[in-house]
Amino acid sequence: MASARQPIRVAVLGAGSIAQVVHLPILSRMRGVQVAALADRDAHTARTIAERFQVPAVSTEFEEVLTDDIDAVVICTPSNRHEEQVRAALRAGKHVLCEKPLALTADGVARILDEEGADSRLMVAMNQRFRADAGALRQFVAGGELGDVYYLKTGWLNRYRPRGRTWRERKATAGGGAFMDLGIQMLDLALWTLGYPAPERISAHMYAARGNEVEDSAALILRLEGDRVINLDCTWNLRARKDRQFLHLLGTTGSGSLTPLAVFKEMPAGLVEVTPPVPASRENAFTASYRAELQAFIEVVRGERPAEAPAEHLVLMRLVEAAYRSAADRREVAL
């Protein structure tokens, strides 16, 4: 690993939208970091994006950028390639940040977790966890300040936009549709907020427009230990003026919501708003969360903070598989 005085040399795998909009712009401006290599199967795209962000090494094969002088790898490729690439990067001794999902199946996640270094050199890009408002709300829950949180409703409803067929609309490459793309992030945020309690039963409904390989919308109810419930909705096809993303939770002595952050507690004097101030940012919450996530990853690479084995993603992918099974069979699935 490079010393703290040397720049962290990062290779980015995949030159698609998430790399172009998020990872490359942030990493290329981060002090003490050099984006040293970019790999994408499309040679023209790889060269064009590399020139835009002044990346010196370009390849169409991801193995070719796992050289000795690379410290870390950020994986932004289609989901069906994640498992193979994460395992190869870990075996090459690299630190790895992988966009969600870590693998398309729970068995795939388990294989990754069995790799040497998965417990110390691997992060999954669940940027919702790095939102300042989400972190503040989680502290209220973890500290018991809202009592026993028994119900959480969350959703991510994206406004309908005409789009061409991409890898995200193919089951073989994406593993699913709106639920795999949007729902998995909000499900993880909900479970993380509650401390990842053990799941018991799940019931899901999914809708796919005629001719589509994957679902456009999904709704599920997840029952957890302690008689707690998560209700989740997601869609790519909201017919409205703007996207909606939300999280509301109810506790025996209080409640909390995102976005905006709002927290209320029952006090001796009555119901009181106790919403903490969240530092203002000049950029939108989406970009700010990714910036915080990438900063945390670089700190792990430098040895300035420990990495936690992403074992929760094994639970998450088992839930994802159960949700798709529930929707296909039209029944509740015990976990």
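Look up: the structure comes first, before these words.
Residues numbered from 1 in each chain as written. Predicted model: local features only at pLDDT ≥ 70, side-chain atom pairs only at ≥ 80, totals over all residues. Heavy atoms only, no water.

Another point: the sheet that holds strand 8 (residues 199–207). The 9 strands are arranged 14-13-12-11-7-10-9-8-15 in an open sheet whose pairing can be described as mixed. Two strands in the sheet have a free side with no partner beyond their single neighbour: strand 14 (270–273) and strand 15 (333–334). With 8 bridges joining them, strand 7 (residues 149–159) and strand 11 (residues 244–251) adopt antiparallel strand pairing. Bridging across to strand 11, Leu-152 finds its partner in Leu-249. Where helix 5 (residues 132–142) meets the sheet, it contacts strand 7, strand 11, strand 12 (254–258) and strand 13 (262–267), and its direction lies at approximately 165° from that of strand 12. This element, helix 7 (residues 178–193), spans strand 7, strand 8, strand 9 (217–224), strand 10 (228–238) and strand 11 of the sheet and lies at about 150° to strand 10. (Pairing = 2+ DSSP bridges. Helix = DSSP H or I, 4+ residues; strand = E, 2+ residues; numbered from the N terminus. Contact = heavy atoms within 4.5 Å. Axes fitted to C-alpha atoms, helices over the stretch in contact; angles between N-to-C directions.)

Turning to the pairing of strand 10, a few remarks are in order. With respect to burial, strand 10 is a largely interior element, 8 of its 11 residues being buried. In terms of strand pairing, strand 7 meets strand 10 through 8 bridges, oriented parallel. The residue bridging Leu-157 from the neighbouring strand is Thr-235, located in strand 10. Pairing analysis gives 8 bridges linking strand 9 to strand 10, with the strands arranged antiparallel. Paired with Ala-219 across the two strands is Asp-233, which belongs to strand 10. Between strand 9 and strand 10, which pair antiparallel and follow one another directly, the connecting turn spans 3 residues, one of which, Gly-226, has a positive phi of 80°. (Buried < 20%, exposed > 50% of the residue type's maximum accessible area, 1.4 Å probe, protein only.)

Burial in helix 2 (residues 43–52) covers these residues: Ala-46, Ile-49 and Ala-50. Down the axis of helix 2, the buried set is contained in an arc of 105°. They therefore lie on one face. Opposite the packed face of helix 2, turned more than 90 degrees from it, sit the exposed residues His-44, Glu-51 and Arg-52. Turning to helix 2, the residues buried within the fold contact helix 1 (17–28), strand 2 (33–39) and strand 3 (57–59). At the N-terminal boundary of helix 2, the capping side chain belongs to Asp-42, with an oxygen 3.0 Å from the backbone nitrogen of His-44. Positive backbone phi, at 55°, marks Gln-54, one or two positions downstream of helix 2. (Arc of directions from axis to C-beta. Polar contact = N/O pair within 3.5 Å; in protein donor to acceptor, adjacent residues only side chain to side chain.)

For the structure shown, the criterion picks out 15 salt bridges. One salt bridge in this structure joins Arg-87 and Glu-115, with 2.8 Å as the shortest N-O distance. Of the two residues, Arg-87 is situated in helix 3 (residues 82–91) and Glu-115 in the loop between helix 4 (106–113) and strand 6 (122–125); the sequence distance between them amounts to 28 residues. Take Arg-87: its relative accessible area is 22%, and that puts it in the partly exposed class. For Glu-115, a relative accessible area of 12% gives the class buried. In this structure, the salt-bridge partner of Lys-265 is Glu-145, at a minimum N-O distance of 3.5 Å. Taken together, the residues span a long stretch of sequence, with Lys-265 in strand 13 and Glu-145 in the loop between helix 5 and strand 7 at a distance of 120 residues. Residues participating in the shared-partner salt-bridge network are Glu-83, Arg-87, Arg-91, Arg-111 and Glu-115. (Salt bridge = Lys/Arg side-chain N within 4 Å of Asp/Glu carboxyl O.)

Honestly, it's all geometry; don't read function into it.
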